[in-house]
Amino acid sequence: MKRLLIGISAAASLFATGAFAADLPMKAPVYKAPEPVFNWTGFYVGGNIGYGAGNADNSATIDRFLTGLPLPGVLNGTNSARNAVDGMIGGGQIGYNWQMANWLLGLEADIQYSDQRHGTSAITCLACSDDGSNIVTTLNQSLDWFGTARGRAGFLVSPELLFYATGGLAYGNVNVTGSATGDGAVGPATVFLPGNSSTRVGWTVGAGTEWHLVSNWTAKFEYLYMDLGTINGGPVPLTGILVPARTEAGLSYSSHFIDNIVRVGVNYHFNGPMGAPF
């Protein structure tokens, strides 16, 4: 009888505990918001700094530009040389992106200050006269500023990392100066070439990578190949060099400028982290 009473008491206790637990409010599951995904679509602005390793392909031609007839003691001839035009660059960019799933299309324009200058090329015209004398033409180039207007097409290997190709229009201000030195009537003589400065229009292609840093900010690394075409000058009279044989001869020259640009930069995007991209 005693054992029966103990069993009944234990069963009643368990029933009461279960009933009390059933009356307790259930704890709601914790909701965790999804991590924001960076949306590349929209406008952005930024700045950059880098280095330009340029080259100038130069040529100099001795010609008979006044009479067009053979001149005693003057031989026609064209010679060429190449020189480097290197220096630091820096500037800013503005653009717009369209993100389509993992693909990106965009437009970007930039303007750059350039310290690429003082490239010097010495072009020697050997035996420019039938007396065996020479003329040495020295050309100096500099790039003061340049800009580009380009399209971009890329692929997002992750929501945070973009690889892209780019290409389009390039323009910039190229300066060419120089001189020609040869044997004069009483010793070496120099003719200074008039400065030739002009805004050139050319093209550019390249590639780069850009990655999301934090909030609305991204960083980028970019390479561009730029071709600004050729500056031509002359003919410049060679009066004073081998008088009088070269008083009616002239010097024409050209410089073809190309550039290899490497730069790093940051961009501020006006959209920033948002929901999933469309």
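Not measured: the values here are computed from a predicted model.

Calculation criteria
Residues numbered from 1 in each chain as written. Predicted model: local features only at pLDDT ≥ 70, side-chain atom pairs only at ≥ 80, totals over all residues. Heavy atoms only, no water. Helix = DSSP H or I, 4+ residues; strand = E, 2+ residues; numbered from the N terminus. Polar contact = N/O pair within 3.5 Å; in protein donor to acceptor, adjacent residues only side chain to side chain. Contact = heavy atoms within 4.5 Å. Salt bridge = Lys/Arg side-chain N within 4 Å of Asp/Glu carboxyl O. Phe/Tyr/Trp six-rings, centres within 6.5 Å; stacked < 30°, edge-to-face > 60°. Buried < 20%, exposed > 50% of the residue type's maximum accessible area, 1.4 Å probe, protein only. Lys NZ or Arg CZ within 6 Å of the ring centre and 35° of its normal. Core = buried A, V, L, I, M, F, W, Y, C linked by side-chain atoms within 4.5 Å.

Attention shifts here to the side chain of arginine 150. Among the secondary structure elements, arginine 150 is positioned in strand S5 (residues 135-158). Reaching out from arginine 150, the side chain makes a polar contact with the side chain of glutamate 108 at a distance of 2.5 Å. Only 3.3 Å separates the side chain of arginine 150 from the side chain of aspartate 110, close enough to count as a polar contact. Once residues lying within four places of it in the same chain are set aside, the contact partners of arginine 150 are Gly106, Leu107, Glu108, Asp110, Thr166, Gly167, Gly168, Thr204, Glu222, Leu224 and Arg263.

As a working rule, side chains carrying opposite charge can pair if their charged atoms are close by. All chains considered together, the criterion is met by eleven salt bridges. The network of salt bridges with common partners includes Glu108, Asp110, Arg150, Lys220, Glu222 and Arg263.

So, about the packing of aromatic side chains. Enumeration according to the criterion identifies eight aromatic pairs in this entry. For the ring pair tyrosine 268 and phenylalanine 270, a centre distance of 5.4 Å and an interplane angle of 80° mean the geometry is edge-to-face. Looking at tyrosine 268, the relative accessible area reads 29%, which means it is partly exposed. Residue phenylalanine 270 is classed as exposed on the basis of its relative accessible area of 54%. In this structure, arginine 152 packs its charged tip against the face of tyrosine 164, placed 4.5 Å from the ring centre.

Nonpolar side chains in soluble globular proteins tend to be buried together. Among the nonpolar cores identified, the biggest contains 29 residues, and Leu143, Met226, Leu228, Leu238 and Leu251 are the most heavily contacted of them. Mapped onto this core, the elements with two or more residues apiece are strand S2 (42-63), strand S3 (77-100), strand S4 (103-125), S5, strand S6 (161-184), strand S7 (187-214), strand S8 (217-237) and strand S9 (250-269). Per-element tally for this core: the top contributor is S8, with five residues. Excluding residues that lie within four positions of it along the chain, leucine 228 makes contacts with Leu143, Ala170, Tyr171, Gly172, Val174, Arg200, Val201, Gly202 and Phe257. Counting residues in hydrophobic clusters, the runner-up holds six residues, among them Trp40, Leu156, Leu162 and Tyr164.

Residue proline 235 is bonded to the preceding glycine 234 through a cis peptide linkage, with omega at 5°. Checked against the element boundaries, proline 235 lands in strand S8. Phi is positive for alanine 101, which is not a glycine, with a value near 55°. By the secondary structure assignment, alanine 101 is in the loop between S3 and S4. Even without glycine at this site, serine 215 takes up a positive phi of about 50°. Residue placement: serine 215 occurs in the loop between S7 and S8.

Time to look at the environment of isoleucine 258. With respect to the helices, strands and loops of the structure, isoleucine 258 is situated in strand S9. For isoleucine 258, a relative accessible area of 11% puts it in the buried group. It is 8.8 Å that separates the C-alpha atoms of isoleucine 258 and alanine 53, two residues lying 205 residues apart in sequence. Setting aside chain neighbours within four positions, we find isoleucine 258 in contact with Gly54, Asn55, Arg82, Tyr225, Met226 and Asp227.

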